[in-house]
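If you want the building blocks of each chain, they are given just below.
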Amino acid sequence: MITIIKNSFKFKNLFGLRKHKSVAYVFYFILMVLLSLLPQNLQIIKNDGFEFNNIVIELNEIAETDPKQILNLLPEGVIEKTYFLNESTIDTVIKTKTFTIEFYKQGEVSTEKKNLVAFEYDKVVYYDGNGNKLEGSYRDLDTRLNLSYLKDLSKYGIDENNEPVNQTELALQFVEVVKKVFSPYFIAQGISVTLIGNYALNIALLFLICLIFLLIRINYKKVASYVEYLRIYIAAFTLPVIIGVVLGLISYQYLSPFSQVIIQWGTPAMAIGAVFIGSKKERKEKEQAAAEKSEAVMDVH
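Keep in mind it's a predicted model, so treat the numbers as computed, not measured.

Enquirer: When you look at the overall build of the chain in this model, what are you seeing that I'm missing?
Expert: Scanning the chain for helices and strands turns up 12 helices and 10 strands. A compact globule built from 301 residues would reach a C-alpha radius of gyration of about 19 Å, whereas the chain, at 29 Å, exceeds it by more than 25%. Considering only C-alpha atoms, the chain reaches an extent of 110 × 45 × 30 Å along its principal axes. Looking at the chain as a whole, 44% of its 301 residues qualify as buried. For the chain, contacts bridging at least 24 residues in sequence account for 63% of all contacts bridging at least 6. As presented, the chain carries roughly 16,600 Å² of accessible surface, and 59% of it is formed by carbon and sulfur atoms. The chain carries 32 positive and 32 negative side-chain charges, and their two centres are separated by 16 Å.

Written out as C-alpha cells, the structure is:
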C-alpha cells in the first residue's frame, strides 16, 4: 500500500503502477472509498440520521406548517433523561398521516402494534406498518423536556419575560426528543446505506471506466491491459480523496456533497492524465535511454 501511495501523486509514477502487481489494490480501493465517505458519515451522525428517519421527517413538516397539531395534544408531564412521567388525567394522542403517537403512564404498555410511536415510562417504542418493533432510549437525550411548560408557553404565546414565542420552535423541541431517542438506529442505518450504495457505485464506475479506457490508443498502439487500467484507476483515488475529504471536513454540513463531486470527477481525470501524460513521459524516457545506449555502442566501435 505504501508503494501505491508514494507513486500516486505524479502522472508518470501513477502510470508506472500498472506494472505493480499486488493484492493491496483491493484493500486500497476499500480504504479510499471508506475515507471518501468520512464527511458524509459525520454529517449523518451530526444530524442523528435525520434523512433516514421518516418519523421525524413527517413531524418536522407538521411543526413547520401546523405546530399546534403537536403542541395542543402533548400530555402534562416531563421527559427526563431516564424516564417519561405522564401526569395527564386524560389520554392524549397525536395523529399524523402515517402513524400515531401515544403517551402512557408508568406500568402501561401499548396494545396496538402497527404504525405507532409509544412513549412508555422507561422507553419509546416504534412499530412500523408490518409490526416490526424498534426501541428508543431516553438516555440518548441531551436534556430533559418539560411538556407541561411547553404547553403553557404555546397556550399563552409569551414566555416568562413577556416575549412572544415561536410555536414552530416549541414543537421542534418535542420533535428533537423523537429524533434523539431513535438516533442510534437511524445513524447506523444511514451509514450502512451510504456505505453499501457508494461501494456499489464506485465498483460499477471502476469496471465501466476501465472498460472504456481499453479504447484508448496512442500512436495506434494499445496503452495498457484491463487489469493494468484497474490498478491505475484505484491508485488515482489518492489525490482526489485527500482534497475532497479535507474540504468536506472543513464544513461537512455544507461541503460533503461537493467533496463527493471532487472525488467522482477527480479520480477519472487523474487516471486519464496518467494514461496520456504519464505514458508520453515514460515513452520519451525509454527513447532517450535507447538513444544514449546506441551512442555508447557507437563510441565503443
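Enquirer: Just checking my understanding: could you explain the sheet that holds strand E4 (residues 100-103) for this structure?
Expert: The pairing of strands in a sheet happens through backbone hydrogen bonds and is either parallel or antiparallel. In space, the 5 strands of this open sheet follow the order E3-E4-E5-E6-E7, with mixed pairing throughout. One side of each edge strand has no neighbouring strand; the edge strands of this open sheet are strand E3 (93-95) and strand E7 (133-136). Across the sheet, the axes of successive neighbouring strands diverge by a mean angle of 15°, strand direction being ignored. In the sheet, strand E5 (residues 116-119) pairs with strand E6 (residues 124-127) via 4 bridges, with the strands oriented antiparallel. Paired with Val-117 across the two strands is Tyr-126, which belongs to E6. Sheet strands in contact with helix H8 (residues 167-181) are E3, E4, E5, E6 and E7, and its direction is about 95° off that of E5.

Enquirer: What should I look at first to understand the side chain of Asn-202 in this one?
Expert: Relative to the assigned elements, Asn-202 resides in helix H9 (residues 183-213). A residue is classified by how much of its surface remains accessible, and Asn-202, at 4% relative accessible area, is buried. Engagement of the side chain of Asn-202 in a polar contact is seen with the backbone oxygen of Asn-198, the distance being 2.7 Å. The residues contacting Asn-202, other than those within four sequence positions of it, are Phe-29, Val-33, Phe-237 and Gln-264.

Enquirer: Got a minute to help me understand the pairing of E5 in this structure?
Expert: The side chains of a regular strand alternate, residue by residue, between the two faces of the sheet. Both faces of E5 are covered, namely the face carrying Leu-116 and Ala-118 and the face carrying Val-117 and Phe-119. Here E5 folds back onto E6, and the loop between the two strands holds 4 residues.

Enquirer: What am I meant to see in a nonpolar patch on the surface here?
Expert: On the surface, Met-1, Val-23, Val-26, Phe-27, Ile-30, Leu-31 and Leu-35 cluster together to form a nonpolar patch covering roughly 600 Å² of accessible area. Relative accessible area serves as the criterion here: at 33%, Leu-31 is assigned to the partly exposed category.

Enquirer: Would you mind showing me how to read the pairing of E4 here?
Expert: Of the strand pairs in this sheet, E3 and E4 are connected by 3 bridges, and their pairing is antiparallel. When the bridges of E4 are listed, Lys-95 appears paired with Thr-100. Direction of pairing for E4 relative to E5: parallel, over a ladder of 4 bridges. What sits directly across from Glu-102, in E5, is Ala-118.

Enquirer: Can you walk me through helix H5 (residues 54-65) in this structure?
Expert: Note on helix geometry: an α-helix contains 3.6 residues per turn, so any two residues three or four positions apart are oriented the same way. Along its 12 residues, H5 runs 17 Å from first to last C-alpha, staying within 8% of the 16 Å computed at 1.5 Å per residue. Looking only at H5, the buried set comprises Ile-55, Val-56, Glu-58, Leu-59, Ile-62 and Ala-63. The arc enclosing the buried residues of H5, seen along the axis, measures out at 165°, which places them on a common side. Facing away from the buried surface of H5 by more than 90 degrees, the exposed residues are Asn-54, Glu-64 and Thr-65. If you follow the buried residues of H5, they end up packed against helix H6 (68-71), E4, E5, E6 and H8. Looking at where H5 begins, the residue whose side-chain oxygen comes 3.1 Å from the main-chain nitrogen of Ile-55 is Asn-53.

Enquirer: Help me understand the confidence of the model for the chain, please; the structure alone is not making it clear to me.
Expert: As a note on interpretation, predicted positions should not be read in detail where pLDDT is low. Per-residue confidence for the chain averages 85 on the pLDDT scale, and 92% of its residues sit at or above 70. Ranking the helices and strands of the chain by mean pLDDT puts helix H3 (residues 24-36) first, with 93, and helix H12 (residues 252-300) last, with 73.

Enquirer: What am I meant to see in the sheet that holds strand E1 (residues 77-79) here?
Expert: Taken together, 3 strands build an open sheet; the order of strands is E2-E1-E8 and the sheet is antiparallel. One side of each edge strand has no neighbouring strand; the edge strands of this open sheet are strand E2 (84-86) and strand E8 (145-146). In this sheet, E8 lies alongside E1 in antiparallel orientation, the contact comprising 2 bridges. Bridge assignment links Val-78 to a residue of E8, and that residue is Asn-146.

Enquirer: Would you mind showing me how to read the packing of H3 against H9 here?
Expert: The description of two packed helices rests on the angle between their axes and on the distance between the axes. At a closest axis distance of 10 Å, the pairing of H3 and H9 adopts a crossing angle of 130°. Compared by their axis directions, H3 and H9 come out oblique. Where H3 crosses over H9, the two elements pack in a sense that is right-handed. In contact with Phe-29, Ile-30, Val-33 and Leu-34 of H3, H9 contributes Leu-195, Asn-198, Tyr-199, Asn-202, Ile-203 and Leu-206. Partitioning the contact of H3 with H9 into residue classes produces 8 nonpolar, 2 polar and no charged.

Enquirer: What am I meant to see in helix H4 (residues 38-46) here?
Expert: Those residues of H4 lying buried are Pro-39, Asn-41, Gln-43 and Ile-44. One or two residues past the end of H4 sits Asp-48, with phi positive at roughly 60°.

Criteria and cut-off values
Residues numbered from 1 in each chain as written. Predicted model: local features only at pLDDT ≥ 70, side-chain atom pairs only at ≥ 80, totals over all residues. Heavy atoms only, no water. Helix = DSSP H or I, 4+ residues; strand = E, 2+ residues; numbered from the N terminus. Rg over C-alpha atoms; globule rule 2.2 N^0.38 Å. Buried < 20%, exposed > 50% of the residue type's maximum accessible area, 1.4 Å probe, protein only. Contact = heavy atoms within 4.5 Å. Areas by Shrake-Rupley, 256 points an atom, 1.4 Å probe, with all protein chains shown as cover. Lys, Arg positive; Asp, Glu negative; His and termini not counted. Charge placed at Lys NZ, Arg CZ, Asp CG, Glu CD. Pairing = 2+ DSSP bridges. Axes fitted to C-alpha atoms, helices over the stretch in contact; angles between N-to-C directions. Polar contact = N/O pair within 3.5 Å; in protein donor to acceptor, adjacent residues only side chain to side chain. Patch = residues over 30% accessible without salt bridge, like charges linked within 9 Å, V, L, I, M, F, W, Y side chains within 5 Å. Salt bridge = Lys/Arg side-chain N within 4 Å of Asp/Glu carboxyl O. Expected span 1.5 Å × (residues − 1). Arc of directions from axis to C-beta. pLDDT = per-residue confidence, 0-100. Parallel < 35°, antiparallel > 145°, perpendicular 65-115°, else oblique. Left-handed = near helix turned anticlockwise from the far one by under 90°. Nonpolar A, V, L, I, M, F, W, Y, C, P; charged D, E, K, R; others polar.

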